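Here's the letter readout for the chains.
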Amino acid sequence: MKQIIGVDIGGSHISAGLLDNQSLNILDEKVSRFPVDSHGSKEEILNAWTECIKSLGLTEDTCLGIAMPAPFNYEEGISLILDQGKYRSLYELNLKEELSPLLAIPVGNIKFINDAAAFLQGEAFVAGWSKSERLMGVTLGTGLGGSYKFGEMAEDGAFWSVPFKGGIAEDLISTSFFVKWAKATHGLDVDGLKTLLSYSELRPATLNVLKEFGQNLAALMLMQMEGKAIGKVVIGGNMVKAADLFLPEVKKVLQDHSSNPEIFISKLGEKAAMIGAASLFEGN
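**Q** Sorry if this is basic, but what is going on with the overall build of the chain here?
**A** A count of helices and strands for the chain gives nine helices and 14 strands. The C-alpha radius of gyration computed for the chain amounts to 19 Å, which stays within 12% of the reference 19 Å derived for 284 residues, consistent with globular compactness. Overall, the C-alpha framework of the chain stretches about 55 × 45 × 35 Å when taken along its three principal axes. By the burial criterion, 51% of the 284 residues in the chain qualify as buried. Of the roughly 13100 Å² of accessible surface on the chain, a fraction of 50% belongs to carbon and sulfur atoms.

Below, the structure written as structure tokens:
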């Protein structure tokens, strides 16, 4: 039986998981996670990736699906990341050809997919949704991700860079929105929403800002759904842990605009992108 591994490349880590051929899921005990210095040399980065992937035990015909942030030539496997503050040393490298000898698997057994698209692909794959479903995915964390799925494969929607309220969407719909608010309003240095919510004396003000965040998210969703007949929206990323504090506002704004897609909170978490990447080989 074919061994398929799904990989998710983050800004500071790599996660790899072995797809279970029976359940089409990735079991907790089949996940490996290693830190990566994305500012390191080509050798340092590829060695960390290789060590993580090899720790799952490879065969000579292992298939590897890799979820990778943009910009990237996914078909050829060539990194175009240059000014994103990470993985600069991989610029214009063919990563299929780099990884093949390191992992002792054929170049043809390595495929790449956009990380935001992989998230939605994984969620749809595990949920068993039909190819005819019109889906949108949103990931909320240190950055903002977005994707669509209108058939076999999900694709990146590049939500982060959408012009929005005088800036770009990521300014107002990511962790940085709360970090900047805490600094500007209360002189606090926080690393994210979880830390902010731990200040009990600021909780009422934080809940108000979360309401504003929900309104911004809903406004972006309305923009990105326009004319696309989206039936289901899946929301993931670290910030969904606080979804009960902003999702009611999102739903209210959508309903006020007569927009009523089914909204799902990711159940797969970090595994979604790994499963989405692994699913590139399902049925092959």
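**Q** Before we go on, may I ask you to explain the packing of helix H3 (residues 115–127) against helix H9 (residues 271–278) in this structure?
**A** Pairs of packed helices are described in terms of their axes, by the angle between the two and the distance that separates them. Taken N-terminus to C-terminus, the directions of H3 and H9 make an angle of 85 degrees; their axes are 6 Å apart at the nearest point. It follows that H3 is roughly perpendicular to H9 by the angle criterion. Of H9, the residues touching H3 (which contributes Asp115, Ala118, Phe119, Gln121, Gly122, Glu123, Phe125 and Val126) are Ala272, Ala273, Ile275, Gly276 and Ala277. A breakdown of the residues in the contact of H3 with H9 according to their chemical character gives eight nonpolar, three polar and two charged.

**Q** I would appreciate a short explanation of the pairing of strand E7 (residues 110–114) in the present structure.
**A** Side chains on a regular strand alternate between the two faces of the sheet. Counting buried positions along E7 yields four of five residues, so the element is predominantly enclosed. Where strand E4 (residues 63–68) lies against E7, five bridges are found, and the strand directions are parallel. In the strand pairing of E7, Met68 is matched with Asn114.

**Q** I keep staring at the sheet that holds strand E3 (residues 25–35) and nothing clicks. Help me out?
**A** Strand pairing in a sheet relies on backbone hydrogen bonds. The paired strands run either parallel or antiparallel. Strand order across the open sheet formed by five strands is E3-E2-E1-E4-E7, with mixed pairing between neighbours. Taken across any chain shown, the strands that pair with only one partner, and hence form the sheet edges, are E3 and E7. With strand direction ignored, the average angle separating the axes of adjacent strands in the sheet is 20 degrees. Both strand E2 (residues 13–20) and E3 contribute to a ladder of seven bridges, which runs antiparallel. Considered in E3, the bridge of His13 is made with Pro35. Packed onto the sheet, H3 meets strand E1 (4–9), E3, E4 and E7 and runs at close to 100 degrees relative to E7.

**Q** What is the right way to look at the sheet that holds strand E8 (residues 135–140) in this model?
**A** An order of E10-E9-E8-E13-E14 is seen for the five strands of this open sheet, with the pairing classed as mixed. Looking at which strands have only one partner, the edges of the open sheet turn out to be strand E10 (154–156) and strand E14 (262–265). Each adjacent strand pair in this sheet contributes to an overall mean axis angle of 25 degrees, direction not counted. Pairing of strand E9 (residues 144–149) with E10, which is carried by three bridges, proceeds in the antiparallel orientation. If you follow Ser147 over to E10, its bridge partner there is Asp156.

Criteria and thresholds
- Residues numbered from 1 in each chain as written.
- Predicted model: local features only at pLDDT ≥ 70, side-chain atom pairs only at ≥ 80, totals over all residues.
- Heavy atoms only, no water.
- Helix = DSSP H or I, 4+ residues; strand = E, 2+ residues; numbered from the N terminus.
- Rg over C-alpha atoms; globule rule 2.2 N^0.38 Å.
- Buried < 20%, exposed > 50% of the residue type's maximum accessible area, 1.4 Å probe, protein only.
- Areas by Shrake-Rupley, 256 points an atom, 1.4 Å probe, with all protein chains shown as cover.
- Axes fitted to C-alpha atoms, helices over the stretch in contact; angles between N-to-C directions.
- Parallel < 35°, antiparallel > 145°, perpendicular 65-115°, else oblique.
- Contact = heavy atoms within 4.5 Å.
- Nonpolar A, V, L, I, M, F, W, Y, C, P; charged D, E, K, R; others polar.
- Pairing = 2+ DSSP bridges.

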